[in-house]
There are 2 protein chains.
Amino acid sequence: MARMKKRISILGSTGSVGSQTLDVIRQFPDEFEVVGLSAGKNIGKLAKQVEEFAPRYFSSIDDSMSEIGSAKRLSITDLATHPEIDFVMHATAGFDGLPLACAALREGKAVGLSNKESIVMAGAHLKRIADDNGGTILPIDSEPSALWQCVIGEKSRPKRYIITASGGAFRDKTPDELANVTPEEALNHPTWTMGKKITIDSATLMNKAFEVMETASLFDSSFDEIDVVIHRQSIVHSLVEMSDGSIKAQLSHHDMRHPIQFALFYPERRLNDDLPTFDLLEASELTFEAMDPSKYPCFDLAMKYARIGGTYNAVLVGADEAAVDLFLARKIRFTDIAHEIKTTVKAHDNQLDFTVEDAIKAAQWAYDTTYTRHITR
Amino acid sequence: MARMKKRISILGSTGSVGSQTLDVIRQFPDEFEVVGLSAGKNIGKLAKQVEEFAPRYFSSIDDSMSEIGSAKRLSITDLATHPEIDFVMHATAGFDGLPLACAALREGKAVGLSNKESIVMAGAHLKRIADDNGGTILPIDSEPSALWQCVIGEKSRPKRYIITASGGAFRDKTPDELANVTPEEALNHPTWTMGKKITIDSATLMNKAFEVMETASLFDSSFDEIDVVIHRQSIVHSLVEMSDGSIKAQLSHHDMRHPIQFALFYPERRLNDDLPTFDLLEASELTFEAMDPSKYPCFDLAMKYARIGGTYNAVLVGADEAAVDLFLARKIRFTDIAHEIKTTVKAHDNQLDFTVEDAIKAAQWAYDTTYTRHITR
C-alpha cells in the first residue's frame, strides 16, 4: 500500500540548514515531497534545487523570475501556510522569521524551527498559537533537539537541562586577545560548519543564551533549571538530569543533518547511510568544563535581561543581529559586540505584556538603533 | 485520596542489592509496603530489617526461628509468588535464582531482576512466561537499566547497544601479572561496591559477557548488535545507537540505588535527596577504550558458547560460579578461572532445545563438575 509522503516546504532553502534538509530528503525519495522552496537572493542555487526536487512552488527576494521550470512563484508566507504542505522547515535567519513561524503554526503545520529568533522573541506566543491551532514546534538546533531526544517517553518532569557549548572560535583566547580578532578568525568554528551569524554568535556565546531561552520555552522550564557547560568535542549535544538524578545524554557527530532528520521523521527514526556514524572509541574522551563568564559578556548580559523578559528578548535578538553585522563589516571590534547590545538594551522601554507585533517592532528598533549608531557616526 | 502502596518482597534482602533496595524504600514510606523479606544465613541482619520494615512474612535458610516479631516464616518461593505482593525484587545470587524468577513471573509479578543468572540461563523462557502471565522483567543491573532508560519512548528499533565496562580490578595489569593476584586484590573494584561473586566476575569480564547475553534477551537483539567498551569512570552506564545514528547515553554516579529506584518507580521517577547527584564538571572527562581480549579470556570464551546457545549458557553460569568459589577459596589462581570454565563447557553435552529444568540441571552439573575437580584432587 502506498504510504502518504510528507509534504514539505523549506523557508531558506539555499542556506546551511535548508541545503542540509534537502541532503536528508534526497536520501528518502519515497518519504518526502518537496512542495515549496524559498530562498533569499541566491537565485542560482535555488534554480538548481528546483531543478532537482521539482517543487510546485518557489519564492525568492530576487523577483526577476515568475517561474522556474514548472514551479510557480508564491510569497514566502504562502510557502509557510499553503494547504498542500504538512511540514514547514523554517530555516531563515533573523528576526523577521517570527511572523512566518506564527503564520505556519496558525495553519496547524508541523514547523521545524531552525529560526530560533522566533522562539527567543515570542516563545509563549508561539506555543499558544501552536496549541490553539494544532501546530507543532520541532526544534532543529542540535542542543534543544538533544534535550528533546532525551526526554522522549519520560513521564516525570526533569530536574535540570544541561546545554553543551563548544566555546566557539575563541575559547582559548584571553579577554585581552579578543579585542583584535578578525571576522575571518571568528568564522573559523572549531567543530561546527554553520552560517555566518550563528558562527559569530557561537564565539560570543550569545547563541548559547538564545538556546537557554529557547529551552525554557520549549520545555516550560525556568532559567534556574538550565545549565551551560563547555564541551569542546561537540559530541554530547546536551543532557537532561531526571528527577531521580539519572542523566540522559544525546551524542552524535556534529552534523546538522542529525537533528534535521530527527525532526523530519519524528517520532520514528530511519537509517541514513549518508550520515556519519559516531565511534565512541575514535573520540576516546569527552570533556566538560565550566564556562568562564569573563570571556563571554554577551551571555551574562542576555541572561540578565531574559530573566526580566518582555520585549527585552526581541531587543537582544535585534541588537545582536546588528552588532554581528557591524563586526562582519569591520565597523566594530569583536569585543564591542556585547557593549553595543548593552547600549541598545539599556535604551529600550521594555513591555512585559506584549504582542507578536510588539516583539517584531522592538527587534527592528533594536537593529536600527544599534546599526545606525555606527553608520551615521 | 490515598494512593495504593506498591507491595514488595525482596529475595536476598541482606545482600548488597537487597540492602540498597531497602535504602531506597526507606526514603519513600508512602509509596512502598515491604510485605516479605528473604535472606540466606544472615539471620541477625534479617532480624534488624524485619524490625525496621515490619513485613508480614520472612524467609531464611537459617530455620532456627519460625517468627521474627510479628513476621511469619514462609518459603522463599512463597515470597516470590504471594498474592499480597506486586513487585518482587529478585536479588539472590547464583543459578538457583532461576526457578524463583519463573515462579514470580508465572504469577504475573513485576520482577526486579538483579539475579542475572536467570536471564542468562533461560532468557527466552523467562520472557515467554512473563508474556503468557502478565509478568514484567525489570532489569536491575546498571548496564541493562541504562539501555532501558535510553530506549524509553523510542518507536524504532535501535541499531546498536553499547555496554560499558570499568575493566575491573585488574584493568591495568598485564596478563603475566594476573597469575598471582589474590582474592583480596580481585575484590578491590575500582569504582563499584558490590557482592563478592560479581566483583570477581567484573575482574574477569565474565560479568560483561553475562550482560551481553542479558541484553540480547531483554532487547531481542543479536550479539552482533552489542558492543562492549572500557569506560574507566563507570559514569556512563551504557549507550544505545538509534537507527539514524543518534546515540543516547545514561549517566549517574556508580551507585546501585539509581537503577534500583528506577525499576521500583518505573515508569515514573522521583527525587531522592539521599542519592548522590552527578556533577559533569566534577568528572571533567569521560574516556572510552577498546577492550583488550587477551586480558579477558573469560569474555571471549563465554561469547563463543553463548553464540551456540542452548544449555551452554547455563553451563557457563554454573562453571563460573564454581570457578569463582574456587578462586576465593584459594584453590585455583585468578588466571585459572577461564581454563576451569573452558574444561567444563567442553565436556558438556549441549541441548539446543531445553526446558528451564534442563538449564538448572546443566548449571548444577557444571558447578559440581568444576568444583569437585579440585576438591577431590
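About the cut-offs
- Residues numbered from 1 in each chain as written.
- Chains lettered and ligands numbered in written order.
- Predicted model: local features only at pLDDT ≥ 70, side-chain atom pairs only at ≥ 80, totals over all residues.
- Heavy atoms only, no water.
- Axes fitted to C-alpha atoms, helices over the stretch in contact; angles between N-to-C directions.
- Helix = DSSP H or I, 4+ residues; strand = E, 2+ residues; numbered from the N terminus.
- Parallel < 35°, antiparallel > 145°, perpendicular 65-115°, else oblique.
- Contact = heavy atoms within 4.5 Å.
- Nonpolar A, V, L, I, M, F, W, Y, C, P; charged D, E, K, R; others polar.
- Phe/Tyr/Trp six-rings, centres within 6.5 Å; stacked < 30°, edge-to-face > 60°.
- Pairing = 2+ DSSP bridges.
- Core = buried A, V, L, I, M, F, W, Y, C linked by side-chain atoms within 4.5 Å.
- Buried < 20%, exposed > 50% of the residue type's maximum accessible area, 1.4 Å probe, protein only.
- Buried area = accessible area lost by both parts, 1.4 Å probe.
- Salt bridge = Lys/Arg side-chain N within 4 Å of Asp/Glu carboxyl O.
- Polar contact = N/O pair within 3.5 Å; in protein donor to acceptor, adjacent residues only side chain to side chain.
- Right-handed = clockwise from strand over helix to strand, strands pointing away.
- Least-squares fit on C-alpha atoms with pLDDT ≥ 70 in both.

Caption draft 1: Layout of the packing of helix α9 (residues 196-204) of chain B against helix α14 (residues 312-328) of chain B. Residues and elements named next belong to chain B. Put simply, α9 and α14 touch, their axes get as near as 10 Å, and they point 100° apart. As the angle between them shows, α9 and α14 are arranged roughly perpendicular. Residues K196, K197, I200 and D201 of α9 lie in contact with α14, whose contacting residues are D320, E321, V324, F327 and L328. Looking at the contact of α9 with α14 residue by residue, the classes come out as 4 nonpolar, no polar and 5 charged.

Caption draft 2: Structural context of the packing of aromatic side chains. All names here are of chain A. Evaluated as defined, the whole model comprises 22 aromatic pairs over all chains. With a centroid separation of 4.7 Å and an interplanar angle of 45°, the aromatic rings of W148 and Y266 are classed as tilted. You can see W148 sitting in helix α6 (residues 142-151) and its partner Y266 sitting in the loop between α11 (257-265) and α12 (280-283), a full 118 residues away along the chain. Ring pairing ties together the aromatic residues F28, F32 and F265, which thus form one cluster.

Caption draft 3: Region of interest: the sheet that holds strand β2 (residues 32-39) of chain A. All names here are of chain A. On the basis of which strands lie adjacent, the open sheet formed by 8 strands has the order β4-β5-β3-β2-β1-β6-β7-β8 and mixed pairing. Where the open sheet ends on each side, the last strands, each with one partner, are β4 (67-68) and β8 (136-139). Pairing geometry for β2 and strand β3 (residues 57-60), over 4 bridges, is parallel. Bridge pairing in β3 places S38 opposite S59.

Caption draft 4: Representation of the nonpolar core in the model. In this structure, M89, L126, L264, F299, L316, I337 and I341 of chain B are the most contacted members of the largest nonpolar core, which totals 117 residues. It is α14 of chain B that contributes the most residues to this core, 11 residues altogether. Setting aside residues no more than four positions away along its own chain, F299 of chain B makes contact with T204, L205, K208, A209, V212, V228 and M291 of chain B. Formed by 116 residues, the second largest nonpolar core is a distinct cluster that contains L147, C298, V317 and A323 of chain A.

Caption draft 5: Main features of the interface of chain A and chain B. Contacts between the two partners involve 45 residues from chain A, matched on the other side by 45 residues from chain B. When chain A packs against chain B, close to 3,700 Å² is buried across both sides, 56% of that on carbon and sulfur atoms. Among the residues of chain A in contact with chain B, D244, R269 and L280 of chain A are the three that bury the most area, contributing 19% of the side total. The interface formed by chain A and chain B includes 4 salt bridges. Here R269 of chain B ties to E154 of chain A by a salt bridge, and the two come within 2.6 Å at their closest N and O atoms. Where chain A packs against chain B, one counts 19 residue pairs in polar contact (both at pLDDT 80 or more). Put simply, the parts of the chain that give the side of chain A that touches chain B at least two residues each are α6, β9 (160-165), β11 (236-241), β12 (247-251), α11, α12 and β13 (285-287) of chain A. Per element, the largest residue contribution to the side of chain A that touches chain B is 5 residues, and it comes from β12 of chain A. Taken together, the 3 bridges between β13 of chain A and strand β13 (residues 285-287) of chain B define a ladder with antiparallel strand orientation. Within the sheet, the bridge partner assigned to T287 of chain A lies in β13 of chain B and is E285 of chain B.

Caption draft 6: Highlighting the pairing of β2 of chain A. Residue and element names in this part refer to chain A. Summarising burial for β2: 7 of the 8 residues are buried, a large majority. Here 6 bridges tie strand β1 (residues 6-11) to β2, and the two strands are oriented parallel to one another. Opposite I8, over in β2, you have V34 as the bridge partner. For the handedness criterion, the β-α-β arrangement of β1, helix α1 (residues 16-26) and β2 is classed as right-handed. In the classification by handedness, the crossover that spans β2, the intervening helix α2 (residues 43-53) and the parallel β3 is right-handed.

Caption draft 7: Molecular detail of the relation of the copies chain A and chain B. Under the fitted operation, chain A is carried onto chain B by 0.0 Å of movement along the axis and a turn of 180°, and the coordinates agree to an RMSD of 0.0 Å. Taken together, the rotation and translation describe the operation of a two-fold axis. If distances are taken from each C-alpha of chain A to the rotation axis, the shortest is found for G153 of chain A, at 1.9 Å. Interface residue correspondence from chain A to chain B reaches 100%, placing this contact among same-surface, isologous pairings.

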